[in-house]
Amino acid sequence: MKEVTEFKLPVPREPVEIKEEALRRCRDPSWSFLDREKVINIFTLTATYLPKYLWSSWRDELRRRGIPWQLFLRAISRCDRDVEKWVEGRITWEDLVNSITEALFRTKGGG
């Protein structure tokens, strides 16, 4: 995965607790009415989980670059497939962060 050097953000600690909870919910019978991918995305991309975690790490830098919360949410929601891959262990945390960084760069109008 290519790295966007024009829009580099630090890689925060991997939130394994979010990843583990998403996997637990996938196994929970009360979520069986949805596909696995939907469960992962509903849980991880809800504003109070992965977006909140990353925003708390990047908030000052993103605001400095003129990226408000709403634009950040739009960018991270475009990475739903990569979030699924990360939860399932098919890509690394660093790959996911790079994907989100690229989406932020594109959303901001940089590419």
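Summarised in this report is the structure supplied together with it. Here the structure is a predicted model, which is why all the values come from computation and not from measurement.

Conventions we followed
For every chain, the first residue of the written sequence is number 1, and numbering continues from 1 onward in sequence order. Under the rules for a predicted model, residues below a pLDDT of 70 receive no local features and side-chain atom pairs below 80 are neither given nor counted, while totals for whole chains, interfaces and linings still include all residues. In computing side-chain properties, one takes all heavy atoms of the structure into account and sets aside hydrogens as well as water. When a carboxyl oxygen of Asp or Glu lies within 4 Å of a side-chain nitrogen of Lys or Arg, that pair is called a salt bridge. Counting from the N terminus, the helices are DSSP H or I runs at least four residues long and the strands are E runs at least two residues long. Remark: exposure states derive from per-residue accessible area (1.4 Å probe, protein chains only) relative to the maximum for the residue type, with buried under 20%, exposed over 50%, and partly exposed in between. Pairing of aromatic rings covers Phe, Tyr and the six-membered ring of Trp, with a centre-to-centre limit of 6.5 Å; geometry is then stacked below 30 degrees between planes, edge-to-face above 60, and tilted otherwise. Each polar contact in these results corresponds to two N or O atoms within 3.5 Å; when the atoms are within protein, one needs to be able to donate a hydrogen and the other to accept it, and residues that are neighboring in sequence are counted only if both atoms are side-chain atoms. Only C-alpha atoms enter the line fits that serve as axes; for helices the fit covers just the stretch in contact. Angles between N-to-C directions range over 0 to 180 degrees. The scheme is simple: roughly parallel for angles under 35 degrees, roughly antiparallel for over 145, roughly perpendicular for 65 to 115, oblique for anything else. Whether two residues touch is decided by their heavy atoms; if any such pair falls within 4.5 Å, the residues are in contact. Gly counts as polar in this scheme, as do all residues outside two lists: the nonpolar Ala, Val, Leu, Ile, Met, Phe, Trp, Tyr, Cys and Pro, and the charged Asp, Glu, Lys and Arg. In this context, the arc is that of the directions from the helix axis out to the C-beta atoms.

### Some details on the pattern of salt bridges
Item 1. Within this structure, the stated rule accounts for 11 salt bridges.
Item 2. With a closest N to O distance of 3.0 Å, Arg-24 and Glu-21 form a salt bridge. With Arg-24 and Glu-21 both in helix α1 (residues 16-27) and three residues apart, this pair spans about one turn of that helix.
Item 3. When its relative accessible area of 43% is taken as the criterion, Arg-24 is described as partly exposed.
Item 4. Exposure remark for Glu-21: the relative accessible area of 23% places this residue in the partly exposed category.

### Describing the packing of aromatic side chains
Item 1. Summed over all chains, the structure comprises seven aromatic pairs.
Item 2. Through a chain of ring-to-ring contacts, three or more aromatic side chains come together here, namely Trp-55, Trp-58, Trp-69 and Phe-72.

### Here's the deal with the environment of Arg-24
Item 1. Residues Arg-24 and Phe-72, 48 residues apart in the sequence, show an inter-C-alpha distance of 27 Å.
Item 2. At a separation of 3.0 Å, a polar atom in the side chain of Arg-24 contacts the side chain of Glu-21.

### With respect to the packing of helix α5 (residues 80-87) against helix α6 (residues 93-107)
Item 1. With their axes 9 Å apart at the nearest point, α5 and α6 run at an angle of 170° to one another. Comparing the axis directions of α5 and α6 gives the class roughly antiparallel. On α6, the residues that touch Asp-82, Val-83 and Trp-86 of α5 are Trp-93, Leu-96 and Ser-99.
Item 2. Tallied by class, residues from the contact of α5 with α6 come to four nonpolar, one polar and one charged.

### Quick look at helix α4 (residues 69-77)
Item 1. Every buried residue belonging to α4 is among Leu-71, Phe-72, Ala-75 and Ile-76, and all of these are buried. Each buried residue of α4 sits inside an arc of 130° when the element is viewed along its axis, so together they form one side.

### With respect to the environment of Ile-67
Item 1. Position of Ile-67 relative to the elements: it lies in the loop between α3 (50-64) and α4.
Item 2. Since its relative accessible area comes to 1%, Ile-67 is described here as buried.
Item 3. Other than its neighbours up to four places away in sequence, Ile-67 contacts Phe-7, Trp-55, Leu-62, Phe-72, Leu-104 and Lys-108.

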